[in-house]
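Topology and contacts: notes
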Amino acid sequence: MLDQVFVLLKHWLVGRSPAVMQPSVSILLTIVPILLVFPLLFAVTTVLERKGLGRIQNRYGPNRVGLYGILQPLADAVKSLTKEDIVPSSADHTVHFLAPLVLLAVAFLPYAVLPMGRNMVAVNLDSGVLFFFAIGAISELSVFMAGWSSRNKYSLLGAMRAVAQMISYEVPLLLSSIAVIMAAGSLSTVEIVEKQAGFSGIFPHWYVLTPWGFAGFVLFMIAATAETNRSPFDLPEGESEIIAGYYIEYSGFKFALFFLGEYLGMFAISGLGITLFLGGWSAPLPFLTWVPSWIWFFGKLLGLIIGFIWVRGTLPRLRMDQLMNFAWKFMLPMALVVVVSAGAWRFLPQGVTRWLVSMVFIAAAYVLLARGVETRNKIAKRTYRFAE
Amino acid sequence: MLGEGIVKGLAETARNFVGSFIDKDRLVTVQYPEERLPVAEAARNFPFLIYDGVDQEEGLRCVACQICEKECPPRCIHIEKSKDKKPDFIGKQQFYPAVFDIDVSVCMSCQICVEVCPFDAIRMDNNFELSTDDRFAGLLWSKEKLAMPNEHYLAIHPTEAAEVEARRAEEKAEAEAKKASQPAAVAK
């Protein structure tokens, strides 16, 4: 009952409205919660992130507005709304204005296919995962629009870095999710979650609990971090190098919109990670199935967000060549091995053999590729041939 | 092994995160308006004028010699000399400042006015919370606002003030001795 409370509420409200209005009411009741819940989650995340990073660095973090600083997002909103909105005189005004809007629109669209609970999905597309990645690719366009229209060297550099990075990391992102699509035999996000909702013994059928699924999940999350331009892959912003990258010329609420879009992208891709690998809305243990499914989804989402914050507080920013080496020389071959390993898992009979085969595949590839990545980056004393 | 360093780093940040809740010594931040660190004795920010006794007009040490006005590098001091005179601490007739203004926004806290003052009349205060919402009148401090009792000086710079006190006591004793011997000479 509690599990389906939102679904039932929606049906009840739709049933109460006049027949002509029913389709539009139904659409509205699907979209408005998404438009409310995720920006709210963004507000919560900003304060969580600032307080978490503070604690990691032995600081208090914001603690002035409200009890323990929980009203900080409100103060931030007021601040960004009252700030002057400056557009450079030589900027392309139309594109400069459109870039944050495109990013925001694109950031909201993927939520259409994320199942946030049992029967809680806006549209159950047969090719949901494909839709998600297709929409995700548009965010590159908005980033480049912002960087290009600002007419600033730094913003253009940032945009070029962002596009190069996002395209490079989209490949392992897609390949690691292909493993799941192969195993589930479907592109529909709803079906992928339903495939993972069962239990054998006390263990759920989550793909992350298989060797290839675990490797795929790690690769997916690394690629997701790069895809959402979060530390340690925040080269496009690179405060210490190119000041703020592609949004250097944005101020006031447009800057806040960029921020919102970026976090919404992070939540969406975390949601997809949960859907593909962590069993979506399904409970982790069989005796916990009475807990509403949407609590599981948002709990897992919060867990991944905390993981993102933790990584941001730990790792320094990568260099451009390290970034590209890592994407093409480690992530890509590793993702291909994961695909092969998932295929082997699919066709081998259930039992210890397929575990062993899958594990050996992953471990061997990891060891070999790691050696390659490590030896290439060995620091040696520089010798000069001519300038002695 | 690739990834080993990342795991170590994550463990370190987790240790910091948890430690900051357990061990209060880790959090070095001083929550400023509520908590504050003690101000060092030599701390200085903005000058004040010393007066002796209780009446600030009567006890003001400044004799309007205008040395500080001339020496001030950013020229933030403005003095207008009085027409009449009043006795100073040893009874000598001296001018006094009719107007003595310092602009807080211009002062650069260099302490040169203090160093050149022959009358120990101007000293540096350690109050640093001088912000105001009126950036013209609120930042131009007049004689009334600048004057502080000698006790304040003794409280904020005890070592330096003790030296000044000793010297002034000596001068006063000398002047009194002179005064005591002079009427005798006149009588002769």
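Rules behind the numbers
Residue positions are given per chain, counted from 1 along the sequence in the order it is written. Each chain is given a letter, starting from A, and each ligand a number, starting from 1, according to the order in which they appear as written. The predicted nature of this model means local features are confined to residues of pLDDT at least 70 and side-chain atom pairs, given and counted, to a pLDDT of 80 or more, with totals for whole chains, interfaces and linings taken over all residues. Where helices and strands are cited, they refer to DSSP runs of H or I of at least four residues and of E of at least two residues respectively, numbered from the N terminus. The atom set for the radius of gyration is the C-alpha atoms, and the globule formula is 2.2 Å times the number of residues raised to the power 0.38. Exposure classes come from backbone-placed C-beta atoms, where a residue is buried if 20 or more other C-beta atoms lie within 10 Å of its own, exposed if 12 or fewer do, and partly exposed in between. Two residues qualify as a contact pair if the distance between their C-beta atoms, derived from the backbone, is within 7 Å. Note on scores: pLDDT gives the predictor's confidence for each residue, bounded by 0 and 100. Lines fitted to C-alpha atoms define the axes, with helix axes restricted to the stretch in contact, and inter-axis angles between N-to-C directions lie between 0 and 180 degrees. Angles below 35 degrees are treated as roughly parallel, those above 145 as roughly antiparallel, those between 65 and 115 as roughly perpendicular, and all remaining angles as oblique. Lys, Arg, Asp and Glu make up the charged group, whereas Ala, Val, Leu, Ile, Met, Phe, Trp, Tyr, Cys and Pro make up the nonpolar group; the residues left over, Gly among them, are polar. One less than the residue count of a helix, multiplied by 1.5 Å, gives the span that helix is expected to have. Take the far helix as the reference: if the near one is turned anticlockwise from it by less than a right angle, the crossing is left-handed, and if turned clockwise, right-handed. Following DSSP output, two strands are said to pair if at least two bridges run between them. Remark: nonpolar core denotes a set of buried Ala, Val, Leu, Ile, Met, Phe, Trp, Tyr and Cys residues whose joining runs through C-beta atoms within 7 Å. Two axes are fitted around each residue, one to the seven residues ending there and one to the seven starting there, and the angle between them is reported as the bend at that residue.

Each helix and strand in chain A was counted, giving 13 helices and 2 strands. In terms of C-alpha radius of gyration, chain A reaches 23 Å, essentially the compact-globule figure of 21 Å for 388 residues. In terms of its C-alpha atoms, chain A occupies a principal-axis envelope of roughly 75 × 60 × 40 Å. Burial status across chain A gives 41% buried among its 388 residues.

Each helix and strand counted, chain B has 7 helices and 8 strands in total. Taking 2.2 N^0.38 as the reference for a compact globule, 188 residues should give roughly 16 Å; the C-alpha atoms of chain B span a radius of gyration of 25 Å, well beyond that estimate. Each principal axis of the C-alpha atoms in chain B carries an extent, and together these give about 105 × 40 × 30 Å. Counting all 188 residues of chain B, 19% fall into the buried class. Pairs at least 24 residues apart make up 69% of the contacts formed inside chain B by residues separated by at least 6 positions.

The next point concerns the confidence of the model for chain B. Counting all residues, the mean pLDDT for chain B is 87, and 97% of those residues have values of 70 or more. Under the prediction, the complex receives an ipTM of 0.78, its pTM being 0.80.

As a further point, take the packing of helix H11 (residues 293–314) of chain A against helix H1 (residues 4–22) of chain B. Relative to each other, H11 of chain A and H1 of chain B sit at 100°, their axes nearing to 9 Å. Classed by the angle they form, the pair H11 of chain A and H1 of chain B counts as roughly perpendicular. Residues Trp310, Gly313 and Thr314 of chain A of H11 of chain A touch H1 of chain B, and the partners they reach there are Gly9, Leu10 and Thr13 of chain B. Here the residues of the contact of H11 of chain A with H1 of chain B are counted per class, giving 2 nonpolar, 4 polar and no charged.

If you look at the interface, chain A gives 12 residues, while chain B gives 13 residues. Residue composition of the side of chain A that touches chain B, grouped by class: 6 nonpolar, 3 polar and 3 charged.

For helix H2 (residues 22–56) of chain A, spanning 35 residues, the distance from its first C-alpha to its last is 50 Å, which sits close to the expected 51 Å at 1.5 Å a residue. Within H2 of chain A, the full set of buried residues consists of Phe38, Thr45, Val47, Lys51, Gly52, Gly54, Arg55 and Ile56 of chain A. Those residues of H2 of chain A that are buried lie in contact with helix H3 (72–82), helix H10 (252–276) and H11 of chain A together with H1 of chain B. A positive backbone phi angle near 55° is found at Asn58 of chain A, which sits one or two residues after H2 of chain A.

If you want to describe how two helices pack, look at the angle between their axes and the distance between the axes. Residue and element names in this part refer to chain A. Where H10 meets H11, the closest approach of the two axes is 9 Å, and the angle between their N-to-C directions is 120°. By the angle between their directions, the pair H10 and H11 is classed as oblique. Our pair here, H10 against H11, has a crossing hand that is right-handed. Where H10 approaches H11, its residues Met266, Phe267, Ser270, Gly271, Gly273 and Ile274 are matched on the opposing element by Phe297, Lys300, Leu301, Leu304, Ile305 and Phe308. Of the residues belonging to the contact of H10 with H11, the class tally is 8 nonpolar, 3 polar and 1 charged.

Take unusual backbone geometry next. Residues and elements named next belong to chain A. The linkage connecting Ser231 with the following residue, Pro232, adopts the cis geometry, with an omega of 5°. Topologically, Pro232 is positioned in the loop between helix H8 (211–227) and helix H9 (239–242). Even without being a glycine, Tyr68 presents a positive backbone phi close to 55°. Within the secondary structure, Tyr68 sits in the loop between H2 and H3. Assessed through the 14 C-beta atoms surrounding it within 10 Å, Tyr68 is described here as partly exposed.

Moving on to the environment of Val32 of chain A. Residues and elements named next belong to chain A. With respect to the secondary-structure elements, Val32 resides in helix H2. Take Val32: there are 10 C-beta atoms within 10 Å of it, and that puts it in the exposed class. The spatial distance from the C-alpha of Val32 to the C-alpha of Ala43 is 17 Å, given a sequence separation of 11 residues.

Once that is clear, we can look at the sheet that holds strand E2 (residues 77–81) of chain B. The 3 strands lie next to each other as E2-E5-E7 (chain B), forming an open sheet whose pairing is antiparallel. Strands at the two margins of the open sheet, each flanked by one partner only, are E2 and strand E7 (140–141) of chain B.

All names here are of chain B. Read from one edge of the open sheet, 3 strands run E6-E1-E8, paired in mixed fashion. Edge positions in the sheet fall to strand E6 (122–125) and strand E8 (147–149), since each of these pairs with one other strand and no more. In this sheet, neighbouring strand axes are inclined to one another by 55° on average, regardless of whether the strands run parallel or antiparallel. Pairing between strand E1 (residues 46–51) and E8: 3 bridges, direction parallel.

Before going further, it helps to spend a moment on the nonpolar core. Leu219, Ala223, Phe277, Met331 and Val338 of chain A are the most contacted members of the largest nonpolar core, which has 91 residues in total. When near neighbours in sequence (up to four residues on either side) are disregarded, Leu219 of chain A contacts Pro172, Ser176, Met331, Met334, Ala335 and Val338 of chain A. Counting residues in hydrophobic clusters, the runner-up holds 24 residues, among them Ile50, Leu60, Ala64 and Phe100 of chain B.

All names here are of chain B. For E1, a buried count of 5 out of 6 residues is recorded, marking the element as mostly surrounded by other parts of the structure. Pairing between E1 and E6: 4 bridges, direction antiparallel. Among the inter-strand pairings, Leu49 is bridged to a residue of E6, identified as Ile122.

In this section: the environment of Trp148 of chain A. For Trp148 of chain A, the location among the structural elements is in helix H5 (residues 128–149). Other than its neighbours up to four places away in sequence, Trp148 of chain A contacts Val95, Leu156 and Ala159 of chain A.

The next point concerns the environment of Met182 of chain A. Structurally, Met182 of chain A can be placed in helix H6 (residues 153–184). What Met182 of chain A contacts, discounting residues up to four positions off in sequence, is Ala342, Gly343 and Arg346 of chain A.

With that out of the way, let us pick up helix H4 (residues 93–108) of chain A. Residues and elements named next belong to chain A. Compared with the 22 Å implied by 1.5 Å per residue over 16 residues, the 24 Å span of H4 between its first and last C-alpha is a close match. If you look at H4, its biggest bend is around 30°, right at Ala99, and the proline Pro100 turns up within four residues after that. Along H4, the positions that sit buried rather than exposed are His96, Ala99, Pro100, Leu103, Leu104, Val106, Ala107 and Phe108.

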